[in-house]
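# Inside the fold
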Amino acid sequence: MSQHRRSSDFTKFRELFENSKRIVALTGAGVSAECGVPTFRGPGGFWRAYQATSLATPQAFAADPSLVWQFYEYRRQLVATKLPNNAHKTLAYIERQFEGSDRKLSIVTQNVDELHRRAGSKNVLEIHGRLFQIRCTKCHTVEDNTDNPIVPALANVSPIDNDETKNKKIKIEDLPHCKVPSCKALQRPHIVWFNESLDPQVLEEADRLLSECDMLLVIGTSSIVYPAAMFAPQVAARGVTVAEFNLEPTSASRTNGYFFEGPCGQTLPRALGVDENKL
Ligand code: BV8
Ligand code: ZN
């Protein structure tokens, strides 16, 4: 049960923000919630109907690639119909504002929906991968792919729910396969699943950004999934300001730092002094 915390003072925070030069925004599924992309652990979340461990793991893919592909194709088709919201747009706006100045905003996102990119943000580190990239399970070739459906057999998939009767049991040969003529092996989403390590270079870049930042914005994450859950405490330990934007406080700000309660599509532009009419 989260302790109820008063929302912090926007004016006091704004001053700190105006004096910060290296800002990192750590985002999670909540930053896309107002676009209609379900979160994982909130009401209507993807994980609610089933456990993440039953789908977003290499074991699940090995056991039933048809089911896991249906889960990702459903999300690809859903996200393709969504547009970035004011939280995504605020971060892209600030990044543009900083161009040519000695200030920089970088995004470290746990999200795979690529909505930060679509909002125009350039400095984006997607630590859990991307929904619209797929990777060969054999030669590891990574391919950008926005085909909808990705293969005919995955046309109009429905959300997977508990009773697997909905699982269409697609034949493996009808799932996406590598286009390298000498390979043609099964492809998988280029996404970091549970119990898979993050790309060491991505982790190194995240660590560099977090060690150099003088302000961390934690936006729409339950701060449960590691290693991202360690980023806010790591920055706070340096005495750097951490500001959380969430419907409820999480471990990222429960003890100290700033907490702005409410939908980040509203709280973020207000805290960063961005006129929503300009987004
Ligand atoms: C790894 C891709 C080494 C898949 C994802 C240490 C301790 C305990 C466990 C572990 C540990 N170290 C490793 C683990 C295991 C595991 C883990 O952390 N498990 C958790 C469940 C405890 N971690 C891993 O396996 C990681 N790998 O550590 O490698 C290793 C190697 C081998 C063996 C072991 C370890 C890999 C983690 C990556 C997993 N892949 N995504 C996919 O997306 O399909 S994680 C998945 O969760 C998503 O990426 C998602 O982004 C992420 C985190 O969730 P959130 O983004 O926070 O979303 P959530 O729904 O939880 O919360 C939404 C928040 O938004 C809420 O707070 C809500 O209040 C708020 N909100 C809602 N609406 C709004 C809002 N806020 C503002 N405005 C709104 N409108
Ligand atoms: Zn291949």
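Look a little higher up for the structure.
Read on for a plain summary of the structure. (Residues numbered from 1 in each chain as written. Chains lettered and ligands numbered in written order. Predicted model: local features only at pLDDT ≥ 70, side-chain atom pairs only at ≥ 80, totals over all residues. Heavy atoms only, no water.)

The next thing to look at is the packing of helix H5 (residues 86–98) against helix H9 (residues 264–271). Relative to each other, H5 and H9 sit at 25°, their axes nearing to 7 Å. When the interaxial angle is binned, H5 and H9 end up roughly parallel. Residues Asn86, Ala87, Thr90 and Leu91 of H5 pack against Cys264, Gly265, Leu268 and Pro269 of H9. When grouped by side-chain class, the residues that make up the contact of H5 with H9 number five nonpolar, three polar and no charged. (Axes fitted to C-alpha atoms, helices over the stretch in contact; angles between N-to-C directions. Helix = DSSP H or I, 4+ residues; strand = E, 2+ residues; numbered from the N terminus. Parallel < 35°, antiparallel > 145°, perpendicular 65-115°, else oblique. Contact = heavy atoms within 4.5 Å. Nonpolar A, V, L, I, M, F, W, Y, C, P; charged D, E, K, R; others polar.)

Next up on the list: unusual backbone geometry. Each neighbour pair has its own omega, and for Asn148 with Pro149 the value is 5°, a cis peptide bond. Here Pro149 shows up in the loop between strand E5 (142–144) and strand E6 (187–191). Between Tyr226 and the following residue, Pro227, the backbone shows a cis peptide bond with an omega angle of -5°. The residue Pro227 is located in the loop between strand E7 (215–219) and helix H8 (231–236) in this model. Phi at Glu114 takes a positive value of approximately 60°, unusual for a residue other than glycine. Positioned with a positive phi, Ser223 is a non-glycine residue whose angle comes to about 55°. Mapped onto the elements of the fold, Ser223 is located in the loop between E7 and H8. Look at Ser223 and you get buried, because its relative accessible area is 14%. (Buried < 20%, exposed > 50% of the residue type's maximum accessible area, 1.4 Å probe, protein only.)

A word on the layout of surface pockets. Taken as a whole, the second largest pocket spans an internal volume of roughly 250 Å³. Looking at the lining of the second largest pocket element by element, the count peaks at four residues for strand E4 (residues 129–136). Across the lining of the second largest pocket, the residue classes break down as five nonpolar, four polar and six charged. Residues lining the lining of the second largest pocket come from more than one domain, with at least three contributed by each of domain 1 (1–36 + 84–128 + 197–279) and domain 2 (38–81 + 130–191). (1 Å grid on protein atoms, 1.4 Å probe; cavity = no way out; pocket = protein on both sides within 12 Å on 5 of 7 lines; lining within 4 Å. Points joined across faces, edges and corners; volume = space filled by probe spheres on them. Domains from an automatic or database assignment.)

Strand order across the open sheet formed by three strands is E5-E4-E6, with antiparallel pairing between neighbours. Every interior strand has two partners, whereas the edge strands, E5 and E6, have only one. Neighbour-to-neighbour, the strand axes of this sheet turn through a mean angle of 45°, independent of strand direction. The pairing of E4 with E5 spans three bridges and is classified as antiparallel. Residue Ile134 lies in a different strand from E5, and its bridge partner there is Glu143. (Pairing = 2+ DSSP bridges.)

Before going further, it helps to spend a moment on the pattern of salt bridges. Oppositely charged side chains may form a pair once their charged atoms are brought near each other. Under the criterion given, the structure shown has 13 salt bridges. The salt bridge involving Glu18 is made with Arg103; its shortest N-O contact spans 3.6 Å. Of the two residues, Glu18 is situated in helix H1 (residues 10–18) and Arg103 in the loop between H5 and strand E2 (104–109); the sequence distance between them amounts to 85 residues. Relative accessible area serves as the criterion here: at 17%, Arg103 is assigned to the buried category. For Arg188, the salt bridge goes to Glu196, with nearest N and O atoms at 2.7 Å. We classify Glu196 as partly exposed; its relative accessible area is 21%. (Salt bridge = Lys/Arg side-chain N within 4 Å of Asp/Glu carboxyl O.)

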